[in-house]
Amino acid sequence: NNFFTSETNVEMYTNYFYAEWSGYGNNGTYGTFYFPTLNDNQAVTGITPWDFTTISATDGTWDASYEEVRRANILLENLDGVDMSTASMAYYKSLGHLYRAWQHFCVVRKFGDCYWVDHSLTTEDTDILYGPRQNRNIVMDNILADLNYAVKNMGTKNADSRTAYNVYVAQAIKAQICLFEGTYARYHQGNDERAEKYLQEAKTAAEAIINSGKFELTPGAEGYRANYNSLELAGNTEMIMYKQYLDPLLRHRFSDLIHVEAHRCDAPQHTVDMFLMANGKPIANAASEFQGGEGKDLYDYYLNRDPRLHINFAPPAVAKIGNNANPDNETTFKKWS
């Protein structure tokens, strides 16, 4: 009762919502791009065992997202008593709905069936705390309702910011969640009607971002490089929301873990093969060019490819070593063609 008394306090409360987006990490912590090793696109130096795991109802793995659901619900339950403008009230209510939707989505994505929680729980809520899980479709439909509330009511607050929640961030989150659910309904449930509904919602959200005129793709390989290999993203027309690092206030350790002698993880050949040829065709269509034949080596596998491959990965170095009697060991390296 003595915290939710001003818009300043509400803003301070919602600043914690930004902790959800870990980016490259916060100072000494690890970020989003370090742990996706249980997939086809990143390999680690050791073997990572994996198996299906049954998570019990009391396992701490459930906690993180539901703690954030509670944080959102506490916000929504206390906003009406705060003195602020109508526009600010609509914005913070929308932010609460958006954040609650995202956190429930994280639970569905990880566990499937779970429970939709629309208020801050007490020990009296035994039907939820000890009740059975709800069907994931029920939870996802409530998520969609929260998302639609957010994009409808968020308004223009922070609309020109690229580091704050705004209506375009809400549309982007909605597009991602609805694309997930639409494809799940189609390919896992065989429910074309539900798939069409969610895929159309994803399309509508994406079109809202495109039609705003505030964002633009940068053509060519240099535009791609600017997204992933630049010191500053301010002014980048592709950014909807990004994490801003500012030395010494906020740093990350991504480069330290990937590009130095530790070299914890790297891309397997499968990832390299996902990049198209320069003519736009899949690498499989030209695989015969790299199989055997005089003068062919692993280096040739990287030639005539989508230039974004060269931005992500250095090619294998092909060296010609002179005889051991030569103290300089003559070495020559090929370069990109």
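Provided above is the structure to which this section pertains.
A brief report on the enclosed structure follows. (Residues numbered from 1 in each chain as written. Predicted model: local features only at pLDDT ≥ 70, side-chain atom pairs only at ≥ 80, totals over all residues. Heavy atoms only, no water.)

What follows concerns the pattern of salt bridges. Overall, the coordinates contain 13 salt bridges when judged by the stated rule. Residues arginine 71 and glutamate 68 are paired through a salt bridge, measuring 2.9 Å at the closest nitrogen-oxygen approach. Of the two residues, arginine 71 and glutamate 68 both sit in helix α2 (residues 63–78), three residues apart, roughly one turn of that helix. Overall, glutamate 68 belongs to the buried group, its relative accessible area being 9%. Three or more residues are tied together by salt bridges with common partners; here these are Arg136, Asp141, Glu181 and Arg194. (Salt bridge = Lys/Arg side-chain N within 4 Å of Asp/Glu carboxyl O. Helix = DSSP H or I, 4+ residues; strand = E, 2+ residues; numbered from the N terminus. Buried < 20%, exposed > 50% of the residue type's maximum accessible area, 1.4 Å probe, protein only.)

Here we come to the environment of leucine 309. Residue position: leucine 309 is located in helix α11 (residues 307–312). A relative accessible area of 0% means that leucine 309 is categorised as buried. Spatially, the C-alpha atom of leucine 309 lies 6.3 Å from that of phenylalanine 275, the residues being 34 residues apart in sequence. The residues contacting leucine 309, other than those within four sequence positions of it, are Val272, Phe275 and Tyr302. (Contact = heavy atoms within 4.5 Å.)

When you line up the elements, alanine 87 lands in helix α3 (residues 86–111). With 67 residues separating them in the primary sequence, alanine 87 and methionine 154 have C-alpha atoms 8.1 Å apart.

With 46 residues, the main nonpolar core has Val10, Leu95, Leu98, Ile143, Tyr165 and Ile177 as its most contacted residues. Contributions of two or more residues to this core are made by α1 (7–14), α2, α3, α5 (136–153), α6 (167–189) and α7 (192–211). Considering each element in turn, this core owes the most residues, 13 residues, to α3. Among residues more than four places away in sequence, those in contact with isoleucine 143 are Ala101, His104, Phe105, Val108, Trp116 and Ile177. Of all hydrophobic cores here, the second largest spans eight residues; its members include Phe275, Ile283, Tyr302 and Leu309. (Core = buried A, V, L, I, M, F, W, Y, C linked by side-chain atoms within 4.5 Å.)

This brings us to unusual backbone geometry. Residue aspartate 247 is joined to proline 248 through a cis peptide bond whose omega torsion reads 5 degrees. Topologically, proline 248 is positioned in the loop between α8 (220–228) and α9 (254–258). With a phi close to 65 degrees, asparagine 158 is a non-glycine residue in the positive phi region. On the secondary structure map, asparagine 158 appears in the loop between α5 and α6. Asparagine 158 gets classed as partly exposed once you look at its relative accessible area, which sits at 30%.

Right, let's talk about the packing of aromatic side chains for a bit. Following the criterion strictly, the structure yields 14 aromatic pairs and no others. Taken together, a centroid distance of 5.1 Å and an interplanar angle of 85 degrees make the contact between phenylalanine 105 and phenylalanine 180 edge-to-face. Here phenylalanine 180 lies in helix α6 and phenylalanine 105 lies in helix α3, a separation of 75 residues in the sequence. Ring centres of tyrosine 168 and phenylalanine 215 lie 5.6 Å apart, and the angle between their planes is 75 degrees; on these two criteria the pair is classed as edge-to-face. In this pair, tyrosine 168 is assigned in helix α6 and phenylalanine 215 in the loop between α7 and α8, connecting sequence segments 47 residues apart. For the pair formed by tyrosine 168 and phenylalanine 215, the shared burial category is buried. An aromatic cluster is present here, built from Phe3, Phe4, Tyr13, Phe17 and Tyr99 joined pairwise through their rings. It is arginine 71 that lies over the ring of tyrosine 16; its NZ or CZ is 3.8 Å from the centre. The aromatic ring of tyrosine 184 is capped on one face by arginine 136, whose charged end is 3.8 Å from the ring centroid. (Phe/Tyr/Trp six-rings, centres within 6.5 Å; stacked < 30°, edge-to-face > 60°. Lys NZ or Arg CZ within 6 Å of the ring centre and 35° of its normal.)

Tracing the sequence through the fold places arginine 100 in helix α3. The exposure class of arginine 100 is buried, given its relative accessible area of 7%. Those residues in contact with arginine 100 that sit more than four places away from it in its chain are Val69, Ala72, Asn73, Leu76, Trp116, Val117, Asp118 and Asp146.

For the pair α2 and α3, the least separation of the axes is 9 Å and the interaxial angle reads 160 degrees. With respect to α3, the element α2 is oriented roughly antiparallel. In terms of crossing hand, the pair formed by α2 and α3 is left-handed. Contacts between α2 and α3 pair Ser65, Tyr66, Glu68, Val69, Ala72, Asn73, Leu75 and Leu76 from the former with Tyr92, Lys93, Gly96, His97, Tyr99, Arg100, Gln103, His104, Cys106 and Val107 from the latter. Across the contact of α2 with α3, the residue classes break down as nine nonpolar, six polar and three charged. (Axes fitted to C-alpha atoms, helices over the stretch in contact; angles between N-to-C directions. Parallel < 35°, antiparallel > 145°, perpendicular 65-115°, else oblique. Left-handed = near helix turned anticlockwise from the far one by under 90°. Nonpolar A, V, L, I, M, F, W, Y, C, P; charged D, E, K, R; others polar.)

Structural measurements only, silent on function.
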